[in-house]
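Chain and residue survey
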Protein chains: 2
Amino acid sequence: MKTYTVAVVGALGVVGSAMIEILEEQNFPVKEFIPLDQADQVGKEVVFRGEKIKVKEATKGAFEGIDFAFFSAGGEASLELAPIAVEEGCVVIDNSSAWRMDPNVPLVIPEVNSHDLDWHHGIIANPNCSTIQMLVALKPIHDVYTIKRIVVSTYQAVSGSGKSAMEELQMQTQDLSQGIAPLVEVYPHQIAYNAIPHIDVFQNNGYTKEELKMVQETHKILDSAIKVSPTAVRIPVITGHAESINVETEKPFNIEAVKRLLEKSPGITLWDAPEKNRYPMPLDAAGKDEVFVGRIRRDDTLENGLNLWVVSDNLRKGAALNAIQIGLTLIHKTIGK
Amino acid sequence: MKTYTVAVVGALGVVGSAMIEILEEQNFPVKEFIPLDQADQVGKEVVFRGEKIKVKEATKGAFEGIDFAFFSAGGEASLELAPIAVEEGCVVIDNSSAWRMDPNVPLVIPEVNSHDLDWHHGIIANPNCSTIQMLVALKPIHDVYTIKRIVVSTYQAVSGSGKSAMEELQMQTQDLSQGIAPLVEVYPHQIAYNAIPHIDVFQNNGYTKEELKMVQETHKILDSAIKVSPTAVRIPVITGHAESINVETEKPFNIEAVKRLLEKSPGITLWDAPEKNRYPMPLDAAGKDEVFVGRIRRDDTLENGLNLWVVSDNLRKGAALNAIQIGLTLIHKTIGK
């Protein structure tokens, strides 16, 4: 089997660490692994397949000889370095939002639109975490029943904002239990015991960037005819995003048929036995690869209405895993050719 | 001014305690205050207007001479005792769900349908917390633009489940910070760092009772023509329910006009300045009386679509305060006659 030289850019971050873990778990055909990060991280070590490897600087020249570079180093680094990496011969799979809406960059969820990998020009973008889990769950429904409109409210974990946010939630909780006024640094407000309806930057139309990503990315990945009305909310959960999704379809459906359809669809695990208190929750989804779907029920306020509850690990399928799967799919497509 | 003999049934519970506090704050015209509770609580003391008062048993005979009895002792106690209390001469204002859908019992939010107090037969029901804050926010919009359909996802605090749930969330968080496996007793799953899409009992149609309350109570209180599609979720917040609400109206609206309308409507405070990171959150709403509305924005996926975010203290406006306001409104109506 052919093997590849693989880099993770942002190797010391939350998503970067998950990428390294998943490269191992998924038996990615790695010949050599090269962890890259900012200059001030150079010399730190990461472990890959039991071997300690020193982090190198992600900069011009560092991408020579690398086949795949998985980027999770923020938008600015991606804007600067991804074209350089491509020039130096890499395929870049980028987890930031920098390239997602570029018409020359495919935005890919392997279960949903792997065909878009066929026209890449070196950079492939990984969608936003909230979009990925929503579209993995809705793609099978759209294929059969044609989704017209989605109303989605998210319940998003703090790990989406990186290590500092995870630490802040835990510190705030600890401080509060000791009667200490908690430090508020990562978010504009205390996140412990709170819900903040504000993720990413507000736009003039009153929506946040996070919300608009769900609209625009759905259009680019699945179907530009689907209308999406989003509300994105941060809650005090460490890892695992949840989404309350209301769907209107063009064609009528039988609710049991929808369940069977989702059950056999790629990347989805059905947890839908309310009589046994069985439904997806962030705590159960954290650390797992699938998109979990439950609370599937007819919405009688529409002719063809459906409510469902979708949960997935935002660091894995929402970020690192999806990126690695893009790489694996590319390899399989090349082998197939 | 006429004064009244007032009882709180379930005086030692979370909502009962809030009722006592609010009777004081709102200067309810109390001649004598009588705390009632279950037999095993008799002799314990509560403080009303600086005076310690011993709890008596809520039982047949205990309601003689009482003008208003505010019940927050659970559905079973209400079913048994409310008719007895009425027979003994009380007006009962009941916070449980036991009487809400009884056609002989008005279900009242003073800002929304105080006119329904005119036909009471001794028992008046206090709506569910999630319904109250939603309808206070939506009533002005319905009056002017006629609401056709609501899609609502809730973010509900644990205090709605009583003291034991508040303690459980805090204990679980503390245990987890010390690496101890947390005890799970009140909810079917760990609530700390989690989101549980399950409040009250599941029905055959896949909805929970909590969700159906929002549908049925909206129909009884505001308008049976409004379609409501609900998802109710418990999150690790102590006090303050939040709701992501998507609304479709019959008539077109200007979004600034909607903001001005809500701003001047009773019981509502607008917190809607996203450019200043100003929007309602449970932490800010806890301990306050109003229903806070923010994130008001047009939903372009409908001809007349609107998204908003509504937060209120579930123990106060969602329970105790609304009950006391029902009592006060009744008194004003009697004086007015």
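Keep in mind the model is a prediction, meaning the values are calculated, not measured. (Residues numbered from 1 in each chain as written. Chains lettered and ligands numbered in written order. Predicted model: local features only at pLDDT ≥ 70, side-chain atom pairs only at ≥ 80, totals over all residues. Heavy atoms only, no water.)

**Quick look at the relation of the copies chain B and chain A**
- Superposition record for chain B on chain A: RMSD 0.0 Å, screw rotation 180°, translation along axis 0.0 Å. As the rotation angle and translation indicate, the two copies are arranged about a two-fold axis.
- Same-surface contact between copies: 100% of interface residues of chain B are shared with the interface of chain A. (Least-squares fit on C-alpha atoms with pLDDT ≥ 70 in both. Contact = heavy atoms within 4.5 Å.)

**As for the pairing of strand 13 (residues 291-299) of chain B**
Residue and element names in this part refer to chain B.
- Within strand 13, 8 of the 9 residues are buried, which leaves the element mostly enclosed by the surrounding structure.
- Two elements, strand 13 and strand 14 (residues 305-312), share 7 bridges in a ladder whose sense is antiparallel. By the bridge assignment, F292 is partnered in strand 14 with V311.
- Counting the residues that bridge the hairpin from strand 13 to strand 14 gives 5 residues. (Buried < 20%, exposed > 50% of the residue type's maximum accessible area, 1.4 Å probe, protein only. Helix = DSSP H or I, 4+ residues; strand = E, 2+ residues; numbered from the N terminus. Pairing = 2+ DSSP bridges.)

**Quick look at the sheet that holds strand 12 (residues 268-270) of chain B**
Residues and elements named next belong to chain B.
- Spatially, 10-9-11-14-13-12 is the arrangement adopted by the 6 strands of the open sheet, whose pairing is mixed. Taken across any chain shown, the strands that pair with only one partner, and hence form the sheet edges, are strand 10 (227-231) and strand 12. Averaged over all neighbouring strand pairs, the angle between strand axes comes to 25°, with direction disregarded.
- Lying over the sheet, helix 4 (residues 129-145) contacts strand 9 (147-155), strand 10, strand 11 (241-249), strand 12, strand 13 and strand 14, oriented at roughly 25° with respect to strand 11.
- Relative to the sheet, helix 6 (residues 209-221) contacts strand 9, strand 10 and strand 11, its axis offset from that of strand 10 by approximately 160°. (Axes fitted to C-alpha atoms, helices over the stretch in contact; angles between N-to-C directions.)

**Structural notes on the pattern of salt bridges**
- All chains considered together, the criterion is met by 32 salt bridges over all chains.
- E25 of chain B serves as the salt-bridge partner of R316 of chain B, at 2.4 Å between the closest nitrogen and oxygen. Note that R316 of chain B is positioned in helix 9 (residues 316-336) and E25 of chain B in helix 1 (residues 14-25), a separation of 291 residues in sequence.
- Among the residues examined, E25 of chain B registers a relative accessible area of 39% and is labelled partly exposed.
- Of the charged contacts, one joins E45 of chain B and K54 of chain B as a salt bridge, the two residues approaching to 3.6 Å between their closest N and O atoms.
- Residue E45 of chain B is classed as partly exposed on the basis of its relative accessible area of 42%.
- The network of salt bridges with shared partners includes E21, E25, D289 and R316 of chain A. (Salt bridge = Lys/Arg side-chain N within 4 Å of Asp/Glu carboxyl O.)

**Topic: the UniProt feature "binding site: NADP(+)" (unreviewed entry) in chain A**
Residues and elements named next belong to chain A.
- Here, the residues flagged by UniProt with the feature "binding site: NADP(+)" (unreviewed entry) are S159, G160 and N314. Across 156 residues in sequence, these annotated residues keep their C-alpha atoms within 7.7 Å of one another, forming a single compact spot.
- Relative to the elements of secondary structure, G160 occurs in the loop between strand 9 (147-155) and helix 5 (163-177).
- Residue class for G160 comes out partly exposed when judged on its relative accessible area of 48%.
- Sequence-distant contacts of G160, that is, excluding residues within four places in its chain, are made with R234 and N314.
- Here N314 lies in the loop between strand 14 (305-312) and helix 9 (316-336). (UniProt positions renumbered as here; feature names shortened; annotations may be inferred.)

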